[in-house]
Each structure stands twice: as C-alpha cells, then as structure tokens.
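Each chain is listed here by its residues.
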Amino acid sequence: MFFLFLAGLLLTGLSRADMISTIAKVKPSVVIVGTYKATNNPRFTLRGTGFVAGAGDAGNSNLVITNAHVLQPPEEKDFDAALVVQVRVDQNQWQMRPAKVLEIDAVHDLAMLRIEGPAVPALRMGDSTAVQEGKAVAFMGFPIGGALGFSPVTHRGMVSSIVAAAMPTPSARQLNEKTIRSLRSGGNFDIFQLDGTAYPGNSGGPLFDPDTGEVLGIVNMVFIKGTRESALTHPSGISYAIPSRFIQQLLERGKSD
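Reading the values: rules and limits
Residues numbered from 1 in each chain as written. Predicted model: local features only at pLDDT ≥ 70, side-chain atom pairs only at ≥ 80, totals over all residues. Heavy atoms only, no water. Helix = DSSP H or I, 4+ residues; strand = E, 2+ residues; numbered from the N terminus. Buried < 20%, exposed > 50% of the residue type's maximum accessible area, 1.4 Å probe, protein only. Lys, Arg positive; Asp, Glu negative; His and termini not counted. Salt bridge = Lys/Arg side-chain N within 4 Å of Asp/Glu carboxyl O. Polar contact = N/O pair within 3.5 Å; in protein donor to acceptor, adjacent residues only side chain to side chain. Contact = heavy atoms within 4.5 Å. Phe/Tyr/Trp six-rings, centres within 6.5 Å; stacked < 30°, edge-to-face > 60°. Pairing = 2+ DSSP bridges. Core = buried A, V, L, I, M, F, W, Y, C linked by side-chain atoms within 4.5 Å. pLDDT = per-residue confidence, 0-100.

Novice: Go over the side chain of R97 with me, naming the residues and quoting the values.
Specialist: Within the secondary structure layout, R97 lies in strand β6 (residues 93-105). The buried charged residue R97 lacks any salt bridge, with E116 as its nearest oppositely charged partner at 8.3 Å. At 2.6 Å, the side chain of R97 and the side chain of Q95 are in polar contact. In this structure the side chain of R97 is engaged in a polar contact, spanning 3.0 Å, whose partner is the backbone oxygen of P118. Discounting residues that sit within four places of it in the chain, R97 has contacts with N62, L83, V84, V85, V87, I115, E116, G117, P118 and V120.

If you want it as structure tokens, here you go:
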C-alpha cells in the first residue's frame, strides 16, 4: 500500500513538472488579436486570442490561427482601425505586428492570418481524431478581454463530451436561416465540450495536450448565462472547442497557395 501511495506521489510530481514545461513551450506561440487606431482611446482593442501555427513540422511561422468571430463583423467594422497581432518578445513585452486575413472558414469559425516581421515559434498540430471523452486537456488565452492583464492564462480540464456543433432544434419553427445554411454547408460536425471554464477573450486560444503541447483544438465558444458581465460572477463552466483537424486543413490550403 505504501508503494502505491509513493508511486502516486511520483506520478503527480511528474505530471506537474510536465505541465510546467508544456506551458513554457506553448506561451511564446500564443498571441493577442485586436485592432489599432491612433485616434481611439485606448488605441488598441483586444478582440481575442490566437496562436502561431505551421503546416508540417515547421519550427517558426508567420501564420496565426484564431476564430472567425474574433475579427470585426462587417456591421461593426471600423475601416480606419487596422487589424494587428501582438507577439510576445520577452517575459513582459509585446510587439505589435500588422496582420492580413488570408482565409476565413465560417463553417468552423476559423480564420487564418499572416503577420509581418520575423517568424514566431509555431505550435504543432495534434491528431484530434484520436481524442476521446475523458481526455485531459489544457487551454491558454486572455480571459475577460485582457482585464487580468496581457499575460496568457492557462486552464486545465478534460473533454467532457464530443457533441454535434449543429444539433437539431426542438421544432421546425426554431430553425433559423443561419442554422439551415450551416447544415447545408456541412456544418453538422463534432466539437469538443470541455469541463474547464473559459471566458470571453479565451476565444481563439489553443486547446492542447498537457504532456506534449500539441494543439488538439481551438476554443471557440463559451456558454454564457445572461450577459457577458455575468460570466465573471456566474460562469457556466461549459466551453467548446473546434477539433484541430479543421485547423490542419486550413494550414494545408495556405501552404499550397
């Protein structure tokens, strides 16, 4: 019995050590996506999280993956505000880079950007098709729109369920145009439901394997009861992530362009 207890302690210690090294590996690749306008106050507006990724085993890349909904919607778009990505250059300093939208995958809520300047360490894609319910995961981002500061925050959890992204509604009257369009365009695909609590601002952050740092998905939705503000005091604890296989497809298309 003593040996089992000792083995448990050793495994816990190893797990914590692995997580420390994994966070250190993932952090340089996690970026801030937002807009910049010299006449605004503040000049920079955080819209969400993103991460640097590359097709294959590329060590560095100028490609950033985020959610499509993180970008300014056409009805709210400020055409004088520039799309920018802030890249971590050391422990407490960020560098603002102009960014260009290369492709938007609206069905899977994905966007691929290219940033100017030197390439940044890229995260590797993992095999999301092998993920099963109960899989331990972690995700990193800037919760609550950077209200906690521009320091990436890591949460641990597990894949609590693998569910359909576009589930049938109770009655035909509740089928709206957006749902029908999504179903017709192949929008009925599986996503990961997480038991870790994400917040507005975590959108676009990588969902990764705590042991390897490989990306298994991208946080894309937080179930909020009531207003966005209530998410701070009454978080639902229900978050979702798009599997990384759709990110891989996006990267492969970018590679062939």
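Novice: Can you tell me about the pattern of salt bridges, naming the residues and giving the values?
Specialist: According to the stated counting rule, one finds 2 salt bridges in the structure shown. Taking the shortest distance from any N to any O, the salt bridge between R253 and E103 comes out at 2.9 Å. In this pair, R253 sits in helix α4 (residues 244-256) while E103 sits in strand β6, placing the two residues 150 residues apart along the sequence. A relative accessible area of 33% means that R253 is categorised as partly exposed. A relative accessible area of 22% places E103 in the partly exposed class. The salt bridge partner of K135 is D209, with a shortest N-O separation of 2.8 Å.

Novice: Help me get a handle on the packing of aromatic side chains, residues and values and all.
Specialist: Considering all chains together, one arrives at 3 aromatic pairs under this definition. Geometrically, the ring pair formed by F44 and F150 is edge-to-face, given 6.0 Å between the ring centres and 90° between the ring planes. Here F44, found in strand β2 (residues 44-52), pairs with F150, found in the loop between β9 (136-141) and β10 (153-164); they are 106 residues apart in sequence, far enough to count as distant. Between the aromatic rings of W94 and F142, the centroid separation amounts to 5.7 Å while the plane-to-plane angle is 70°, which identifies the pairing as edge-to-face. On the criterion of sequence distance, the pair formed by W94 in strand β6 and F142 in the loop between β9 and β10 is long-range, its members being 48 residues apart. Taken as a pair, W94 and F142 share a single burial class, namely buried.

Novice: Got a sec to walk through the pairing of strand β5 (residues 82-90)? Specific residues and values, please.
Specialist: Here 5 bridges tie strand β1 (residues 30-36) to β5, and the two strands are oriented antiparallel to one another. Its bridge partner being in β5, G34 is matched across the sheet by V84. Pairing between β5 and β6: 6 bridges, direction antiparallel. Counterpart to V85 in the pairing with β6 is R97. As consecutive antiparallel partners, β5 and β6 are separated by 2 residues.

Novice: Would you mind going over the nonpolar core in detail, with residue names and values included?
Specialist: Core analysis: the largest hydrophobic core is formed by 31 residues, its most contacted members being F51, I65, M125, I218, I247 and L251. Top element by residues in this core is α4. It accounts for 4 residues. Residues contacting I247, with those up to four places away along its chain left out, are F51, I65, L110, M125, V215, G217 and I218. Counting 14 residues, the second largest nonpolar core, distinct from the first, contains V31, L71, A111 and A122.

Novice: How would you summarise the confidence of the model for the protein if you had to cite specific residues and measurements?
Specialist: Mean pLDDT over the protein stands at 80; residues scoring 70 or higher make up 73%. Ranking the elements of the protein by mean pLDDT puts helix α3 (residues 230-233) last, at 44, and strand β12 (residues 206-208) first, at 97. Segment residues 1-14 is flagged for pLDDT under 50; beyond a separation of four residues in sequence, or across chains, it makes 0 contacts in the model. Note on residues 167-176: pLDDT under 50 across the span, and 3 contacts to partners over four residues away in sequence or across chains.

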